[in-house]
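# Notes for the structure review
Given next are the chains, with one letter for each unit.
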Amino acid sequence: MQPKPNHDESVRQDFVTDLRAYLTDEIYTLITPHYEKKIEPEFLQSHDRKPKDKSEVKSLMLNDKGYQSWSLLQRLSQQMMFTSVIDTVERNLEAMIDNLDKHQEIGSLEIDDSLEIPRYLTAYDIHQQPGGYHSETIEKDISAGAVYDISLPIYSRNAMGEENDLLAQAIIHYIDKNIGTFQPKDILDMGCGIGNSTLPFSKKYPNSKVVGADVALPCLRYAHARANALGVEADFSQQNVEKTNYDSESFDLVTSTLLLHETSHDAVPKIIQECFRLLKPGGWMIHLDVYPFHKKEDDPLYDFLKDWEVINNNENFSGALRKMNMKKIIEDAGFATETVEFTSAEAAAKYSKGYTGDFYLKLPVYVAQKSIAS
Ligand SMILES: C[S@@+](CC[C@H](N)C(=O)[O-])C[C@H]1O[C@@H](n2cnc3c(N)ncnc32)[C@H](O)[C@@H]1O
């Protein structure tokens, strides 16, 4: 299903992967020592105190040539990533669309032509992906899904695995480790995109019914065809997960990966309430997303650096999500207080294709159970 790059495209894509690795491993790691050895001491000398918050750090860093260079290159590398894969997708697009009909036998695809795409997805190009997830320019367009599929290995330096399933594997690992006896029969993956986060559940629980819901039709078309090409069954449905058309108490497990931080202040409580409505008594909700809290509140440099994605990479809501009172939102939706947990799910990442090393990622999850008495 994946569009294959030709020689020149492949070289460009490898270059961007290497550039991003270099910026992360070799340059980003210099920022904190540079700040501690040069920028902070100079400020201390002139002000008789350290910078007190992220806005003071910001005004220092934005004038620093080293930080400016890294930041500019980091933003450009994201643009280069997308332009390098878009050529491959455009060259293969017609053939991929012609092939779609061959990949429709397993599972289903439900389309809602009248669905309105939320403004938080249309107002700007999320993480600089041109046109975001939803834009369509030709009939049966799947380009946004294909772009997402082949840009993720560049973004992650091939660490997400052959089927880009690392995040869902982290949730599965969490379930095995913490609620091992739980065998969900009906599973909903909210904001499923191209099904990276959906298909691992079909494989793990082969007797279950697994559904992926997303607003973005080009991703869902791609997800359905991709699932067929991989021979894995799942149903895909075009829905806004703030309010779906599923009956109450339809699912044992509702999950998402990287959904919440791409929504809005209004949407998050609605999505959590919808999870509560959709879960059967005793069912579990697990969302994998950005940290819902400041890891180092007393560190203004950390506070400044973690906003980089918000300010420079069109991840506009991810900073705001960290500040939301998710515990209250989850409890207000009806989840049993004693089951609400913000913790880490582990995943074994494995670099490949020239990058070496295995490492364990600890990915933040928001977990809660609907009580049996609900
Ligand atoms: C970062 S992608 C993650 C996709 C997939 N879960 C993964 O990990 O690869 C976020 C997805 O959430 C979808 N999304 C955002 N808001 C949504 C909403 N209110 N209803 C349904 N899908 C939504 C987007 O269209 C996008 O496909």
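As shown above, the structure is provided for reference.
Attention here is on the structure that accompanies the text.

### Examining the packing of aromatic side chains
As enumerated under the stated definition, the model contains eight aromatic pairs in all. Note on F342 and Y366: the rings are 5.5 Å apart at their centroids and 80° apart in plane angle, and the pair reads as edge-to-face. With F342 in strand β7 (residues 341–350) and Y366 in strand β8 (residues 358–369), this pair connects stretches of sequence that are 24 residues apart. The exposure class of Y366 is buried, given its relative accessible area of 1%.

### Some details on helix α8 (residues 217–230)
In this model, α8 (14 residues) spans 20 Å end to end at C-alpha, consistent with the 20 Å of a helix rising 1.5 Å per residue. Extensive coverage of α8 is indicated by the burial of 12 of its 14 residues. Those residues of α8 that fall on the buried side of the exposure criterion are L217, P218, C219, L220, R221, Y222, A223, H224, A225, R226, A227 and N228. Those residues of α8 hidden inside the fold are in contact with β1 (108–110), α5 (143–156), α7 (199–204), β3 (209–214) and β4 (235–238).

### Remarks on the side chain of E242
For E242, the position within the fold is in the loop between β4 and β5 (251–257). The class for E242 is buried, based on a relative accessible area of 14%. Here Y120 takes part through its side chain, which lies 2.5 Å from a polar atom of the side chain of E242. Sequence-distant contacts of E242, defined by excluding residues within four places in its chain, comprise P118, Y120, A267, K270, I271 and E274.

### Regarding the site of the ligand
Lining the immediate environment of the ligand, one finds 21 residues, of which Y120, G191, D214, N240 and T257 sit closest. In this structure, a nitrogen atom belonging to the ligand sits 2.8 Å away from a main-chain N or O atom of G191. N240 has a polar side-chain atom sitting 2.9 Å from a nitrogen atom of the ligand. Here the ligand, which alone exposes 600 Å², has 98% of that area covered by the protein. Tallied by class, residues from the shell around the ligand come to 10 nonpolar, eight polar and three charged.

### Some words on the nonpolar core
If you look at the biggest cluster of nonpolar residues, it comprises 85 residues, and the most contacted ones within it are M326 and F335. A total of eight residues in this core trace back to one element, the largest contributor, which is helix α6 (residues 166–178). Filtering out sequence-adjacent residues up to four positions away, F335 remains in contact with I272, C275, F276, L279, M285, I330, V340, A368, Q369 and K370. Among the nonpolar cores identified, the runner-up in size contains 13 residues, and Y35, M61, L305 and W308 belong to it.

### Focus: the pairing of β4
Side-chain positions along a regular strand alternate between the two faces of the sheet. Going residue by residue along β4, you find D235 and S237 tucked away on one face and F236 and Q238 tucked away on the opposite face as well. In the sheet, β1 pairs with β4 via three bridges, with the strands oriented parallel. If you follow L109 over to β4, its bridge partner there is F236. Read from β3 through α8 to β4, the crossover connection turns out right-handed.

### Details of the state of the cysteines
Counting across every chain of the model gives zero disulfides. C192 carries a free sulfur, and the closest cysteine sulfur to it, the one in C219, is 8.2 Å from it.

### Points about the packing of α5 against α8
Axis angle and axis distance: for two packed helices, these are the angle between their axes and the distance between the axes, and together they describe the pair. Orientation of α5 relative to α8, taken along the N-to-C sense of each, is 65°, at an axis distance of 6 Å. The angle between α5 and α8 falls in the class roughly perpendicular. Contacts between α5 and α8 involve A144, G145, A146 and D149 from the former and P218, C219, Y222 and R226 from the latter. The class makeup of the residues in the contact of α5 with α8 is five nonpolar, one polar and two charged.

### Let's talk about the pairing of β5
Extensive coverage of β5 is indicated by the burial of seven of its seven residues. As defined by bridge partners, strand β2 (residues 186–190) adjoins β5 across four bridges and the pair is classed as parallel. By the bridge assignment, M190 is partnered in β5 with S256. Across six bridges, β5 lies against strand β6 (residues 279–288) in parallel orientation. The partner of S256 across the bridge, within β6, is H287. With helix α9 (residues 267–278) bridging β5 and its parallel neighbour β6, the resulting β-α-β unit is right-handed.

### Points about the pattern of salt bridges
Going through the model one piece at a time under the given rule, you end up with 22 salt bridges. When the shortest N-O distance is used, the salt bridge between D87 and R12 registers 2.7 Å. On the criterion of sequence distance, the pair formed by D87 in helix α3 (residues 65–99) and R12 in helix α1 (residues 7–47) is long-range, its members being 75 residues apart. With a relative accessible area of 35%, R12 lands in the partly exposed category. Its salt-bridge partner being E56, residue K52 comes within 3.1 Å of it at the nearest N-O pair. Owing to a relative accessible area of 15%, E56 belongs among the buried residues under this scheme. Among the charged side chains, a network of salt bridges with common partners joins K54, D303, K306 and D307.

### Let's talk about helix α2 (residues 54–61)
Among all positions in α2, only E56, V57 and M61 are buried. The buried side chains of α2 occupy one side of the element, clustering within an arc of 130° when seen end-on. On its buried face, α2 is in contact with α1, α3 and α10 (300–305).

Rules used throughout
- Every chain is numbered on its own, with residues counted from 1 as its sequence reads.
- The predicted origin of the model limits local features to residues at a pLDDT of at least 70 and limits the giving and counting of side-chain atom pairs to 80 or more, whereas totals for whole chains, interfaces and linings rest on all residues.
- Excluded from the side-chain calculations are hydrogens and water; all other atoms, namely the structure's heavy atoms, are used.
- Pairing of aromatic side chains requires ring centres within 6.5 Å, counting the rings of Phe and Tyr and the six-membered ring of Trp. Pairs whose planes differ by under 30 degrees are stacked, by over 60 edge-to-face, and all others tilted.
- Labels follow the DSSP assignment, with helices taken as runs of H or I lasting at least four residues and strands as runs of E lasting at least two, numbered in each case from the N terminus.
- Using a 1.4 Å probe on the protein chains alone, a residue whose accessible area is under 20% of its type maximum counts as buried, one over 50% counts as exposed, and one in between counts as partly exposed.
- A helix is expected to span 1.5 Å for every residue after the first.
- In this description, contact between two residues means that some pair of their heavy atoms is separated by no more than 4.5 Å.
- Here a polar contact is recorded for every N or O atom pair within 3.5 Å, except that within protein the pair must consist of a potential hydrogen donor and a potential acceptor, and residues adjacent in sequence are included only if both atoms are side-chain atoms.
- Here a residue counts as near a molecule or strand whenever at least one of its heavy atoms sits within 4 Å of it.
- Where accessible areas are quoted, they stem from the Shrake-Rupley method and a 1.4 Å probe; at the residue level, only the protein chains shown are allowed to cover.
- Residue type decides the class: Asp, Glu, Lys and Arg count as charged, Ala, Val, Leu, Ile, Met, Phe, Trp, Tyr, Cys and Pro as nonpolar, and the leftover types, Gly among them, as polar.
- Among the buried residues, those of types Ala, Val, Leu, Ile, Met, Phe, Trp, Tyr and Cys that are joined through side-chain atoms within 4.5 Å form a nonpolar core.
- When DSSP finds at least two bridges between two strands, those strands are taken to pair.
- A crossover gets the label right-handed when its path from the first strand over the helix to the second runs clockwise, viewed with the strands pointing away from the viewer.
- Cysteine sulfur pairs qualify as disulfides if the two atoms are within 2.5 Å.
- Between the N-to-C directions of two axes lies an angle of 0 to 180 degrees, each axis being a line fitted to C-alpha atoms and, for a helix, fitted only over the stretch in contact.
- For classification, angles of less than 35 degrees are called roughly parallel, those exceeding 145 degrees roughly antiparallel, those between 65 and 115 degrees roughly perpendicular, and all remaining angles oblique.
- Salt bridge, as applied in this entry: a Lys or Arg side-chain nitrogen positioned within 4 Å of an Asp or Glu carboxyl oxygen.
- For this quantity, the arc is that covered by the directions from the helix axis to the C-beta atoms.

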